Amino acid sequence: MSGTDEFDLVVLGAGPTGENLADRARAGGLNVAIVERELVGGECSYWACMPSKAMLRPPAALREAQRLPGARAAVGGGLDADAVLRRRDDFASLWRDDGQVAWLDSAGITLVRGHGRLDGERRVVVDVPGGNRRILTARHAVAVCTGTGAALPDLPGIDRTGVWTSREATSAAEAPDRLAVIGGGAVAVEMATAWRALGSRVTLLVREPALLPRLEPFAGHLVAEALRESGVDLRFGVSVAGLARDGEVVLDLGEHGELRAEEVLFATGRRPATGDLGLETVGLKPGGWIEVDDTGLAVDVAGGWLYAAGDVNRRALLTHQGKYQGRVFGTVIADRAAGRELDLAPWGRSVATADRAAVPQVVFTDPEVASVGLTLAEATATGRRVRAVDYRIGDVAGAALYADGYHGQARAVIDLDRETVVGATFVGSGVSELLHSATVAVAGEVPLSRLWHAVPAYPTISEVWLRLLEAYRG
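Predicted model, so just to flag it, every value in this text is computed and none were measured.

A. Region of the structure containing the environment of Phe236. Looking at the secondary structure, you find Phe236 in strand 10 (residues 233-236). Spatially, the C-alpha atom of Phe236 lies 6.3 Å from that of Leu205, the residues being 31 residues apart in sequence. Residues in contact with Phe236, not counting those within four places in the same chain, are Val206, Glu208, Pro209, Ala210, Leu211, Ala224 and Arg228.

B. Main features of a negative patch on the surface. Among the surface-exposed residues, Asp80, Asp82, Glu174 and Glu262 lie close enough to one another that they form a single negatively charged patch. Looking at where Glu262 falls in the secondary structure, it is placed in the loop between strand 13 (258-261) and strand 14 (263-266).

C. Broad picture of the pattern of salt bridges. Inspection of the entire model under this criterion finds 42 salt bridges. Asp8 is the salt-bridge partner of Arg139, the closest N and O atoms lying 2.9 Å from each other. Of this pair, Arg139 sits in strand 6 (residues 132-144) while Asp8 sits in strand 1 (residues 2-12), and the two are 131 residues apart along the sequence. Arg139 gets classed as partly exposed once you look at its relative accessible area, which sits at 38%. For Asp8, a relative accessible area of 11% puts it in the buried group. Members of the salt-bridge network, linked through shared partners, are Asp177, Arg178, Arg201, Asp246, Glu248, Glu258 and Arg260.

D. Quick peek at the nonpolar core. If you look at the biggest cluster of nonpolar residues, it comprises 35 residues, and the most contacted ones within it are Val189, Trp195, Leu204, Leu211, Leu212, Leu227 and Val369. If you look at the next biggest cluster of nonpolar residues, it comprises 30 residues, including Ile414, Val446, Leu448 and Tyr472.

E. Structural detail: the sheet that holds strand 10. Ordered by their spatial adjacency, four strands build an open sheet running 10-9-8-14, and the pairing between neighbours is parallel. Only two strands of the sheet have a single neighbouring strand rather than two, namely strand 10 and strand 14. Ignoring strand direction, the axes of neighbouring strands in this sheet form an average angle of 15 degrees. Alignment of strand 8 (residues 178-182) against strand 14, held across four bridges, turns out to be parallel. Paired with Leu179 across the strands is Glu263, a residue of strand 14.

Cut-offs applied
- Along each chain, the written sequence defines residue order, and numbers are assigned to residues from 1.
- The predicted nature of this model means local features are confined to residues of pLDDT at least 70 and side-chain atom pairs, given and counted, to a pLDDT of 80 or more, with totals for whole chains, interfaces and linings taken over all residues.
- Side-chain calculation: all heavy atoms of the structure are included, whereas hydrogens and water are not.
- Numbered from the N terminus, helices here are DSSP runs of H or I no shorter than four residues, and strands are runs of E no shorter than two.
- Here, two residues are considered to be in contact whenever any of their heavy atoms come within 4.5 Å of each other.
- Patches were defined on residues exceeding 30% relative accessible area and lacking a salt bridge, with like-charge contacts within 9 Å and nonpolar side-chain contacts (Val, Leu, Ile, Met, Phe, Trp, Tyr) within 5 Å.
- Every accessible area reported is derived by Shrake-Rupley at a probe size of 1.4 Å, with residue values counting cover from the shown protein chains alone.
- For this document, the term salt bridge refers to a Lys or Arg side-chain nitrogen within 4 Å of an Asp or Glu carboxyl oxygen.
- Charge assignment in this entry is limited to Lys and Arg as positive and Asp and Glu as negative, and neither His nor the chain termini are counted.
- To locate a charge, take NZ of a lysine, CZ of an arginine, CG of an aspartate or CD of a glutamate.
- The cut-offs for exposure are 20% and 50% of the maximum accessible area for each residue type, with area from a 1.4 Å probe on protein chains only; residues under the lower value are buried, those over the upper are exposed, and the others partly exposed.
- What makes a nonpolar core is a set of buried Ala, Val, Leu, Ile, Met, Phe, Trp, Tyr and Cys residues whose side-chain atoms join them at distances within 4.5 Å.
- In short, DSSP must find at least two bridges between two strands for them to pair.
- Every angle, taken between N-to-C directions, lies between 0 and 180 degrees, and every axis is a line fitted to C-alpha atoms, over only the stretch in contact when it is a helix.

Okay, structure coming up:
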């Protein structure tokens, strides 16, 4: 049994990106259907951003209290791991999407449950529950917002071992006694931080010589230092050659021997969720990334009808960047459908400029790492004349008040010809709340001469901005 329905726009994937794109297109006057085969709300709501941060916040709050005389005496006990995990479950909505579905209804967006695949130009076939099939056609556009899945390496025994990916790491019902974490990126260090705090003995195996290799080097160094202080067994230059399970997981580390653990988490990157999406019917490679222009249009598909937003286009694999693209591209689709003029200048209404120039991100370890824009190495590689200005955050009065022995570092990367900030990185407790000011400075290309007049309140950690400017001026 099948049915055919026509909409102005069909969106594949009802995660944060798809929801935002559908909402902006609907606000622009379009009739929109959104297709989802799992939970409305996507990876971030149930297996990534929300549950992981719910796991990380209680131990961070406890550590902050332990660093303050007066408060320290009131928090002599340890974490209640069961309570932390129950709170996490609440933030993951107990893996139910009723609230998200209600929001779609309120926004006037039609939800189609099932697995959707492209079937030629402006046509989507959905296998719906019950074995039926529904055909959706789009008058104007189809937008692919299916995101990514965990990328597992091709290792002997990995398909028979029952390893964790980020999904299992953020939804496990209890802390394993011994947990091995493979990887050195944000997921690896956050989950090592969380599960160590919840009682697991954690071994973190990193193939590279440093953590967080895409960020400023001092960020990975300070996080590594803190992980070791917390009791994580951190090993660099180690790769996994194979694995097996004989009640517990046995990792073959080659010349480094073997490691046994109750569970093993592979945090080794992401792959596009396009393997069973019908890309071949529109001339694209199944399982590949979908390259788009700055308005979201797929560059290798003729006709100007296929868009891709969020992780699936590989521009910036972060939830907030996917939502940003969704807002921009959804508006573009509605404007094109209505014949409205687009604003295609850099930073214009109709282009996603920030994906290349002002991408903010936070790693919620202890200390936190917050960054936006270019690192010193990245800025230098572009041919700019740049200078890095560094300052110890602990020397700011607000940081000293925040916690005894505050340890952190700030860096601003300055374009010497334009005298603007092109990148900023902060490492320390609570620095995630500094990030938006840096993002505004980078995205707004605010001259240092004007930033000098943006006076930070005293005594706050934000005074580090003043110290960076003073260090630059000399």
